[in-house]
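Here are the chains, one letter per residue:
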Amino acid sequence: MFGLKDDWEFDIPERYFTLEDYEGGTARWCPGCGDLAVLTAVQRICRDEQLPPEKTVCVSGIGCSSRFPHYMRTYGFHGLHGRALPVACGIKSRRPELKIFVATGDGDCCSIGAGHWVHAIRYNMDMVVMLFDNAVYGLTKNQTSPTSPCGLKTNTHPSGSWLPPLNPCTTTLGIANVSFVAQTVDWNPAHLYAVLKAAYRHRGLSFVRIMQRCPTYTPDVFTELQNDPAKLVLLTGGDNAELDAATARSFPNKRAHDTRDLDAARHVAAQQTPLPVGVLYRNPDCPCYEDYTAVGLGMSVADKMKGLDRELDKFAV
Ligand code: SF4
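Quick summary incoming for the structure in this document. (Residues numbered from 1 in each chain as written. Predicted model: local features only at pLDDT ≥ 70, side-chain atom pairs only at ≥ 80, totals over all residues. Heavy atoms only, no water.)

## A look at the environment of tyrosine 137
Argument step 1. When you line up the elements, tyrosine 137 lands in strand E5 (residues 136–137).
Argument step 2. As for tyrosine 137 and glycine 105, which are separated by 32 residues in sequence, their C-alpha atoms are 8.3 Å apart.
Argument step 3. The residues contacting tyrosine 137, other than those within four sequence positions of it, are His81, Gly107, Ser111, Asn142, Gln143, Thr144, Ser145 and Pro146.
Argument step 4. Side-chain polar atoms of tyrosine 137 contact the side chain of serine 111, separated by 3.4 Å. (Helix = DSSP H or I, 4+ residues; strand = E, 2+ residues; numbered from the N terminus. Contact = heavy atoms within 4.5 Å. Polar contact = N/O pair within 3.5 Å; in protein donor to acceptor, adjacent residues only side chain to side chain.)

Below is the structure:
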């Protein structure tokens, strides 16, 4: 038929998803906000990995970036301030087959949600956690956040922030059972996409800090990094994020890095200038909590009742 050889085969999927299948409502972030670049990267990953929208969930807390689920045509949960991670872990424990993307900001994750952050890293449930780090509380209009640099003038510190900022990557790398940490910038779409894709493909909790521009409240925080590529250093080698040659060439500084070496990852993550970008650490052998919480999910109601009775009988006197 059609003049083709008999052994030719075409694999025609029943469904093919395009970018439009993941596009939710019109994004209402400020013009030039870095959140837009992250949204585009995630929609591309969903398309390229052909994730069924009904099997994909975006979870967030509170903040500018936490509007993310509204702009994805997938399932979504816009949670409470700092509570994105326990919601995401709850979803994963009951529906381990779902693909989860978490959008959280530096205020949401590193301040009010810090306790959940620590435990979620240790639980290592399979999801991509994107830390949108703009170094300020944007939604509530310009307050100092845990990652604000010293001297940043905000409404809460009009003479400039006093304390040294928290480093989300070194903090995460200090938590037991950490399995994936990476750092990227919103203004290099190819690197952003490659890092998020590597995060998606890692089984376990993939923590990605994204330096995210906020032209409204912190327009100068990333200016140097953005204008001078020499202020960044690209981590290369081993199983780092896969980049095309042109993107790799756009980074004048490169550094070979063993992503399996936790001590090296901590050392590199502590470096500020030039700022390391790429996968800092990856350990596919860390246990995932959903492998334990999923036990018994397929049980019938009758079997669950029998098991419950058995346990209660142990207390019979
Ligand atoms: Fe983006 Fe900043 Fe505007 Fe929030 S305030 S939407 S972070 S540019």
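From this point, the discussion proceeds with the structure in view.
## Digging into the site of the ligand
Argument step 1. Every residue near the ligand is listed here: Trp29, Cys30, Cys33, Cys64, Asn134, Gln212, Cys214, Pro215, Thr216 and Tyr217.
Argument step 2. Of the residues belonging to the shell around the ligand, the class tally is seven nonpolar, three polar and no charged. (Near = heavy atom within 4 Å. Nonpolar A, V, L, I, M, F, W, Y, C, P; charged D, E, K, R; others polar.)

## Thoughts on unusual backbone geometry
Argument step 1. In this chain, threonine 273 is followed by proline 274 through a cis amide linkage whose omega measures -5°.
Argument step 2. With respect to the helices, strands and loops of the structure, proline 274 is situated in the loop between helix H9 (262–269) and strand E11 (275–282).
Argument step 3. A positive phi angle is found at lysine 141, which is not glycine, with a value near 75°.
Argument step 4. Its location among the elements puts lysine 141 in the loop between E5 and strand E6 (143–144).
Argument step 5. Even without glycine at this site, asparagine 142 takes up a positive phi of about 85°.

## So, the nonpolar core
Argument step 1. With 34 residues, the main nonpolar core has Val38, Val42, Phe68, Phe101, Met130 and Leu196 as its most contacted residues.
Argument step 2. Among the secondary structure elements, those contributing two or more residues to this core are helix H1 (35–48), strand E3 (99–105), strand E4 (127–133), strand E7 (180–185), helix H6 (189–201) and strand E8 (205–211).
Argument step 3. Ranked by residue count, the leading element in this core is H6, at eight residues.
Argument step 4. Setting aside chain neighbours within four positions, we find phenylalanine 68 in contact with Trp29, Val38, Leu39, Val42, Cys58, Ala103, Met130 and Phe132.
Argument step 5. Core analysis: the second largest hydrophobic core is formed by 33 residues, Ala88, Ile91, Val102 and Leu205 among them. (Core = buried A, V, L, I, M, F, W, Y, C linked by side-chain atoms within 4.5 Å. Buried < 20%, exposed > 50% of the residue type's maximum accessible area, 1.4 Å probe, protein only.)

## What about the pairing of E8?
Argument step 1. Burial analysis of E8 places seven of its seven residues in the buried class, which makes it a mostly covered element.
Argument step 2. With burial as the criterion, each face of E8 is covered, one bearing Leu205, Phe207, Arg209 and Met211 and the other bearing Ser206, Val208 and Ile210.
Argument step 3. The sheet contact formed by E4 and E8 spans seven bridges and is parallel. Paired with phenylalanine 132 across the strands is isoleucine 210, a residue of E8.
Argument step 4. Summarising the sheet, E7 and E8 pair through six bridges and their orientation is parallel. Bridge assignment links glutamine 183 to a residue of E8, and that residue is arginine 209. (Pairing = 2+ DSSP bridges.)

## What to know about H1
Argument step 1. An ideal rise of 1.5 Å per residue puts 20 Å on 14 residues; H1 measures up with 20 Å between its terminal C-alpha atoms.
Argument step 2. Taken residue by residue, H1 has Asp35, Val38, Leu39, Ala41, Val42, Gln43, Ile45 and Cys46 as its buried positions.
Argument step 3. Taken together, the buried residues of H1 touch strand E1 (56–60), E3, E4, H6 and E8.
Argument step 4. With its phi angle positive at about 50°, glutamine 50 sits one or two positions after the end of H1. (Expected span 1.5 Å × (residues − 1).)

## Focus: the sheet that holds strand E9 (residues 232–236)
Argument step 1. Sheet architecture is open: nine strands sit in the order E2-E1-E3-E4-E8-E7-E11-E9-E10, paired in mixed fashion. In the strand order of this sheet, the two ends are held by strand E2 (75–78) and strand E10 (254–256), each with one partner. The mean inter-strand angle of the sheet, taken between neighbouring strand axes irrespective of direction, is 20°. (Axes fitted to C-alpha atoms, helices over the stretch in contact; angles between N-to-C directions.)

That's the geometry; what it means functionally is another story.
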